Structures are given as C-alpha cells and as structure tokens.
Amino acid sequence: MAHEGHDHDDHDHGHGHGHHHHHGHEHGHDHSHEHGHEHGSPTAAEHKVHAPVHVSAFVVTCSDSRDESKDESGRALRELLEAEGHSVSGYRLIKDEPESIRAMLKEAREAGARAVIFNGGTGISRRDSTVETLQGLFEKTLPGFGELFRMLSYAEIGSAAMMSRATAGTYEGMILFALPGSPKAVRLGMRKLILPELGHAVRELTR
C-alpha cells in the first residue's frame, strides 16, 4: 500500500537518534528559506534569530472514541514539542463539541499558552466540528497551513488527502492549529510545518 510504503517509521527511527533527525530537519528547512526568501526579504534570517526558542503550547485531542491511554497522536504532539525545546502547558482529551473546544481555548490562555495544537475532528463526518468551531473564532486565518498540509499529505496518501480540513489561525494572542487525528498526519504536520515556524509565528503575533 502506498501509504505504508511512505511511512513515518523511518523518521521515527531517526528521531530516536536525536541528532540525525535534527540535522536533516535543519538542513531541509534552511535550504527552503534560502530559495524562498533570499531574493526579496533580507529579514527572513532575522525573523529566525529573534524568534522565541521556547514556546508554551497546549495540546488538545478531540475524539469521541479515544481515551488518554490510547491517544497516540496526543502523545506524539507532546513528545515532538518537548524534543524541540518547547513546553507543554497543558494536555486535554475532549469530546468534539463546540462548547468543549471553546472551554479548552480559555484554559489554554489561562495557562499562558501561545500555541494550541488540536488533533481530530477535521474530517467530514457529522461529528467533526473542530474546524467549524475554530474558524468561527479566528481573528486571522492562515490558509497556507491547510494548503501545504494537504499538499504534503497528498504526496503520502494520494487523493484521500482532499478529505482533510486541517486549518490554522490566530485567536486572542495565540496561534491555533487543527490537525487530523491520525498519528501519521500529526507527525507530518508537526515536522514539516508547525515546528519549523512555531517560534517565528509566535514572534509575529507579538509585533
């Protein structure tokens, strides 16, 4: 199966060795910035230099079926954040319901979080309401997050990637990300998009 063939296990293996993963991650990221920003924006490198190294992040799993012992995606989010030197100011597993999601944002803000990373509730089933709830609250949306996530996901799983409504935006001084609930999707979104830009994004919020 194509999905299995292009698995994240290789990455996980590298990640276990810390340095190997980090080196690959850094190199890939710097490389893209050289091409993407070098010509028009001399401040791209400065953004990186002044970005906060440690971001306080709050992790929320939206699921009707998982409990904490089975929440592999929530665990992966926390581990990936901490491995990059960020702090996890809270972790909650909630039902995918608007009131619960709004309550989590209040709790995250009170915990001092600058980023909230949701997983689950981004599909098209009747119970999937994470995206609608967050989009109703966003002050600014980041359409590029969902666009790029689906592009990366398409490379891994093909046309099923179009079923994901992963999204991101800002709310009351925090940046919010909504990822699908699968561990593979969580690792993909974190490694390729969220972790490389988290400090930069939080710095931009405070400008």
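Further up the page is the structure itself.
These numbers were taken from a predicted model, which means no experiment stands behind them. (Residues numbered from 1 in each chain as written. Predicted model: local features only at pLDDT ≥ 70, side-chain atom pairs only at ≥ 80, totals over all residues. Heavy atoms only, no water.)

(A) Structural context of the sheet that holds strand β6 (residues 174-179). On the basis of which strands lie adjacent, the open sheet formed by six strands has the order β2-β1-β3-β6-β5-β4 and mixed pairing. One side of each edge strand has no neighbouring strand; the edge strands of this open sheet are β2 (87-94) and β4 (140-141). Both strand β1 (residues 56-62) and strand β3 (residues 115-119) contribute to a ladder of five bridges, which runs parallel. Paired with Val60 across the strands is Phe118, a residue of β3. Where helix α9 (residues 183-205) meets the sheet, it contacts β3, β5 (167-171) and β6, and its direction lies at approximately 170 degrees from that of β6. (Pairing = 2+ DSSP bridges. Helix = DSSP H or I, 4+ residues; strand = E, 2+ residues; numbered from the N terminus. Contact = heavy atoms within 4.5 Å. Axes fitted to C-alpha atoms, helices over the stretch in contact; angles between N-to-C directions.)

(B) Looking closely at the packing of helix α5 (residues 72-83) against α9. Orientation of α5 relative to α9, taken along the N-to-C sense of each, is 25 degrees, at an axis distance of 10 Å. For the element pair α5 / α9, the angle class is roughly parallel. Classified by chirality, the crossing of α9 by α5 is right-handed. Contacts from Glu72, Ser73, Ala76, Leu77, Leu80 and Leu81 of α5 reach α9 at Pro183, Val186, Arg187, Met190, Arg191, Leu195 and Leu198. For the contact of α5 with α9, the residue count by class is nine nonpolar, one polar and three charged. (Parallel < 35°, antiparallel > 145°, perpendicular 65-115°, else oblique. Left-handed = near helix turned anticlockwise from the far one by under 90°. Nonpolar A, V, L, I, M, F, W, Y, C, P; charged D, E, K, R; others polar.)

(C) Representation of unusual backbone geometry in the model. Non-glycine residue Glu172 carries a positive phi angle of around 45 degrees. Here Glu172 is to be found in the loop between β5 and β6. For Glu172, a relative accessible area of 36% translates into the label partly exposed. (Buried < 20%, exposed > 50% of the residue type's maximum accessible area, 1.4 Å probe, protein only.)

Keep in mind these values describe shape, not function.
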